[in-house]
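The chain contents come next:
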Amino acid sequence: MPYLPIRKHLKDASTLNKTRAPLYAKLTKNKSLVLSYELILMEELALFATNRLDLLALPYLKNGIPLFHEELIDMKETPQFRPRFLDDQFPIERKNIDIGTLKREWLKHIEDEEYSSILEKARELLDFGALAATNQNCLTRHFVESLARTIWLMDKHYTDSLRLGLKDPRPLSVKFVKIQLKTLNWAYSLDKRAFPLQQEGIPLFCQDVPAIPYK
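From a predicted model like this one, the values you see are computed outputs, not experimental measurements. (Residues numbered from 1 in each chain as written. Predicted model: local features only at pLDDT ≥ 70, side-chain atom pairs only at ≥ 80, totals over all residues. Heavy atoms only, no water.)

## Examining the packing of helix 3 (residues 99–111) against helix 6 (residues 170–199)
For step 1, the next point in the chain: With their axes 10 Å apart at the nearest point, helix 3 and helix 6 run at an angle of 175° to one another. The angle between helix 3 and helix 6 falls in the class roughly antiparallel. Seen from helix 3, the contacting residues are Ile99, Leu102, Lys103, Trp106, Leu107 and Ile110; seen from helix 6, they are Val174, Val177, Lys178, Leu181, Lys182, Leu184, Asn185 and Tyr188.
For step 2, the next point in the chain: Partitioned by chemical class, the residues of the contact of helix 3 with helix 6 number 10 nonpolar, 1 polar and 3 charged. (Axes fitted to C-alpha atoms, helices over the stretch in contact; angles between N-to-C directions. Helix = DSSP H or I, 4+ residues; strand = E, 2+ residues; numbered from the N terminus. Parallel < 35°, antiparallel > 145°, perpendicular 65-115°, else oblique. Contact = heavy atoms within 4.5 Å. Nonpolar A, V, L, I, M, F, W, Y, C, P; charged D, E, K, R; others polar.)

Below is the structure:
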């Protein structure tokens, strides 16, 4: 089978979360189990949503352009499992985000091809907004980091593809961003329901995704 970067990433993530689900369940008297397996379900459904993107990326990968490979951070970079937040850095106050409004604004920017506006607002949200708060909204942050990184790399992949006489790969990157945007509500819902456990010091979700450079 050819190398399919999105598929590999999702498979690796699912394997990691299946391993950690019973560990969290033991710490939370099974209260975390439904959240862990809902995340795994999200990852498995994403395999179907992204399968065509992986296949369309193959001509770029075969020509040395790391489309989707460079966007996705290896799950080996995920923090090690710990039963509690380090130094008791559990969240105290919940940071809420109007995900519906955010999605509508960013989808409008995509429609208008204003990708730099999304990148600017994503970085602001991650660096100074609600997603700058530590040890909460960790899945939402992960998705926003990912879509920001995808947009950040779009022009680089375009320039390299143009030099090699390949088609513009930016439409594929935009489709990937749209898929991540459509999943934000679900990720945010999981974060919201995980917050009481995080307040108790359980690092559910927050140590289960690798940090993604987005600038």
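## Section: the packing of aromatic side chains
For step 1, the next point in the chain: Under the definition given, this model contains 2 aromatic pairs.
For step 2, the next point in the chain: Geometrically, the ring pair formed by tyrosine 24 and phenylalanine 81 is edge-to-face, given 5.1 Å between the ring centres and 65° between the ring planes. Within this pair, whereas tyrosine 24 is found in helix 1 (residues 5–28), its partner phenylalanine 81 is found in the loop between helix 2 (33–62) and helix 3, the two being separated by 57 residues in sequence.
For step 3, the next point in the chain: Considering the side-chain rings of phenylalanine 68 and phenylalanine 176, the 5.1 Å spacing of their centres and the 65° angle between planes classify their relative orientation as edge-to-face. (Phe/Tyr/Trp six-rings, centres within 6.5 Å; stacked < 30°, edge-to-face > 60°.)

## A short note on the pattern of salt bridges
For step 1, the next point in the chain: Going through the model one piece at a time under the given rule, you end up with 13 salt bridges.
For step 2, the next point in the chain: Glutamate 93 is the partner of lysine 95 in a salt bridge, and the nearest nitrogen-oxygen pair spans 4.0 Å.
For step 3, the next point in the chain: Of the residues examined, glutamate 93 reaches a relative accessible area of 53% and is grouped as exposed.
For step 4, the next point in the chain: The salt bridge involving lysine 108 is made with aspartate 112; its shortest N-O contact spans 2.6 Å. (Salt bridge = Lys/Arg side-chain N within 4 Å of Asp/Glu carboxyl O. Buried < 20%, exposed > 50% of the residue type's maximum accessible area, 1.4 Å probe, protein only.)

## Focus on helix 3
For step 1, the next point in the chain: The terminal C-alpha atoms of helix 3, which comprises 13 residues, lie 18 Å apart, in line with the 18 Å expected from a rise of 1.5 Å per residue.
For step 2, the next point in the chain: Within the sequence span of helix 3, burial applies to Ile99, Leu102, Lys103, Trp106, His109 and Ile110. Buried residues of helix 3, viewed axially, fall in a sector of 125°; they line one side. Helix 3 presents Arg104 and Glu111 as exposed residues on the side facing more than 90 degrees away from its buried surface.
For step 3, the next point in the chain: Against helix 4 (115–127), helix 5 (138–163) and helix 6 lie the buried residues of helix 3.
For step 4, the next point in the chain: Phi turns positive one or two residues past the end of helix 3, at glutamate 113, with a value near 60°. (Expected span 1.5 Å × (residues − 1). Arc of directions from axis to C-beta.)

## Here we look at the side chain of glutamate 43
For step 1, the next point in the chain: Looking at the secondary structure, you find glutamate 43 in helix 2.
For step 2, the next point in the chain: From its side chain, glutamate 43 meets the backbone nitrogen of serine 14 in a polar contact 3.4 Å long.
For step 3, the next point in the chain: Ignoring any residue separated from it by four or fewer positions in sequence, one finds glutamate 43 in contact with Leu10, Ala13, Ser14 and Asn17. (Polar contact = N/O pair within 3.5 Å; in protein donor to acceptor, adjacent residues only side chain to side chain.)

## A closer look at a positive patch on the surface
For step 1, the next point in the chain: A cluster of basic side chains, namely Arg52, Lys175, Lys178 and Lys182, defines a positive patch on the protein surface.
For step 2, the next point in the chain: No other element matches the 3 residues that helix 6 contributes to the positive patch.
For step 3, the next point in the chain: Structurally, the position occupied by lysine 178 is in helix 6.
For step 4, the next point in the chain: Since its relative accessible area comes to 35%, lysine 178 is described here as partly exposed. (Patch = residues over 30% accessible without salt bridge, like charges linked within 9 Å, V, L, I, M, F, W, Y side chains within 5 Å. Areas by Shrake-Rupley, 256 points an atom, 1.4 Å probe, with all protein chains shown as cover. Lys, Arg positive; Asp, Glu negative; His and termini not counted. Charge placed at Lys NZ, Arg CZ, Asp CG, Glu CD.)

## What to know about helix 6
For step 1, the next point in the chain: Between its first and last C-alpha atoms helix 6 spans 40 Å; for 30 residues at 1.5 Å apiece the expected length is 44 Å, and the two agree.
For step 2, the next point in the chain: At leucine 184, helix 6 shows its maximal bend, which comes to roughly 40°.
For step 3, the next point in the chain: One or two residues past the end of helix 6 sits glycine 201, with phi positive at roughly 100°. (Bend = angle between axes of the 7 residues up to and from the residue.)

## Things to note about the nonpolar core
For step 1, the next point in the chain: Trp106, Leu204 and Phe205 are the most contacted members of the largest nonpolar core, which has 40 residues in total.
For step 2, the next point in the chain: Listed by contribution, the elements that provide at least two residues to this core are helix 2, helix 3, helix 4, helix 5 and helix 6.
For step 3, the next point in the chain: Among the elements that take part in this core, helix 6 stands out by supplying 9 residues, more than any other.
For step 4, the next point in the chain: If sequence neighbours within four positions are ignored, leucine 204 has contacts with Tyr24, Ser32, Leu35, Ser36, Ala194, Leu197 and Gln198. (Core = buried A, V, L, I, M, F, W, Y, C linked by side-chain atoms within 4.5 Å.)

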